[in-house]
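# Reading the structure
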Amino acid sequence: MAAIFKGKQMFIVSLEYIKGLPEVEACLPEHIAYLERYYKEGIFLMSGRKKPRTGGIILVKADHREQVERLIREDPFHREGVAEYQITEFVPTKTAEDLSQYRETA
């Protein structure tokens, strides 16, 4: 396992909107700032909208599931009740070469 990933776990956070797009759009600037904060900290690796636009996905590198749950509680989408979240932990045993630092080899 590469040093950048050592001691970390990988999670897929799947968001489903439970309110309409006007409520989602109202929270979007704060949500983007929230994402940026955790990209800068190296915790969020990738994110984006679902197609069709029913929610989104965030790929998270964290110490444990409880950390992910805490991060979700900080999301403006969570705070304003516009989305529900599903957390899936996974072990990335195969990756594209450009993502090999995230590959679990043990």
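Anything mentioned here points back to the structure above.
Residues numbered from 1 in each chain as written. Predicted model: local features only at pLDDT ≥ 70, side-chain atom pairs only at ≥ 80, totals over all residues. Heavy atoms only, no water.

## Digging into the overall build of the protein chain
Here is the rule: Only runs of H or I of at least four residues qualify as helices and only runs of E of at least two qualify as strands under DSSP, and these elements are numbered from the N terminus. Atoms counted for the radius of gyration: C-alpha only. Globule rule: 2.2 Å times the number of residues to the power 0.38. Residues count as neighbours in contact if any of their non-hydrogen atoms are within 4.5 Å of one another.
Scanning the protein chain for helices and strands turns up three helices and four strands. Helices (α) and strands (β) of the protein chain occur, in sequence order from the N terminus, as β-α-β-β-α-α-β. In terms of overall dimensions, the protein chain is globule-like: its C-alpha atoms have a radius of gyration of 14 Å, near the 13 Å expected for 106 residues. Principal-axis analysis of the C-alpha atoms gives the protein chain an extent of 45 × 25 × 20 Å. Pairs at least 24 apart in sequence give 69% of the contacts found in the protein chain among residues at least 6 apart.

## Observations regarding the pattern of salt bridges
It is possible for side chains of opposite charge to pair when their charged atoms get near one another. Defined as follows: Here, a salt bridge means any side-chain nitrogen of Lys or Arg that lies within 4 Å of a carboxyl oxygen of Asp or Glu. We call a residue buried when its accessible area falls under 20% of the maximum for its residue type, exposed when it is over 50%, and partly exposed in between, using a 1.4 Å probe and counting protein chains only.
Taken as a whole and assessed by the stated rule, the structure comprises nine salt bridges. Here Glu 30 makes a salt bridge to Arg 79, at a shortest N to O gap of 3.0 Å. A residue pair is termed long-range when its members are at least 10 positions apart, and Glu 30 in helix α1 (residues 21-40) and Arg 79 in helix α3 (residues 76-79) qualify at 49 residues. Look at Glu 30 and you get partly exposed, because its relative accessible area is 42%. The closest approach of N and O atoms between Arg 79 and Glu 80, which form a salt bridge, is 3.0 Å. Assessed through its relative accessible area of 44%, Arg 79 is described here as partly exposed. Residue class for Glu 80 comes out partly exposed when judged on its relative accessible area of 39%.

## Description of the packing of aromatic side chains
Filter applied, for reference: Aromatic rings from Phe, Tyr and Trp, with only the six-membered ring used for Trp, were paired whenever their centres fell within 6.5 Å, and each pair was classed as stacked if the ring planes differed by under 30 degrees, edge-to-face if by over 60, and tilted otherwise.
Within this structure, the stated rule accounts for five aromatic pairs. Judged by centre distance (5.4 Å) and plane angle (50°), the ring pair of Tyr 38 and Phe 44 falls under tilted. For Phe 44, a relative accessible area of 4% translates into the label buried.

## Here we look at α1
Since the α-helix packs 3.6 residues into each turn, any two residues three or four apart lie on the same face. Definition in use: What a helix is expected to span follows from its residue count: subtract one and scale by 1.5 Å. Note on bend: the value at a residue is the angle between axes fitted to the seven residues ending there and to the seven starting there.
For α1, spanning 20 residues, the distance from its first C-alpha to its last is 27 Å, which sits close to the expected 28 Å at 1.5 Å a residue. At Leu 28, α1 shows its strongest bend, of approximately 50°, with the proline Pro 29 following within four residues. All of the buried residues along α1 are Val 24, Cys 27, Leu 28, His 31, Tyr 34, Leu 35 and Tyr 38. Contact partners of the buried residues in α1: β1 (9-17), β2 (44-49), β3 (55-62), α2 (65-74) and α3.

## Looking at the side chain of Lys 50
The following threshold applies: By the criterion applied in these results, polar contacts are pairs of N or O atoms within 3.5 Å in which, for protein atoms, one can donate a hydrogen and the other can accept it, and in which residues neighboring in sequence qualify only through two side-chain atoms.
Within the secondary structure, Lys 50 is located in the loop between β2 and β3. Judged by relative accessible area, Lys 50 falls into the buried class, the value being 18%. One polar contact links the side chain of Lys 50 to the main-chain carbonyl oxygen of Leu 15, over a distance of 3.2 Å. There is a polar contact of 2.3 Å between the side chain of Lys 50 and the side chain of Glu 16. Once residues within four sequence positions are removed from consideration, Lys 50 is found in contact with Ser 14, Leu 15, Glu 16, Gly 55, Gly 56 and Ile 57.

By themselves, these figures tell us nothing about what the structure is for.
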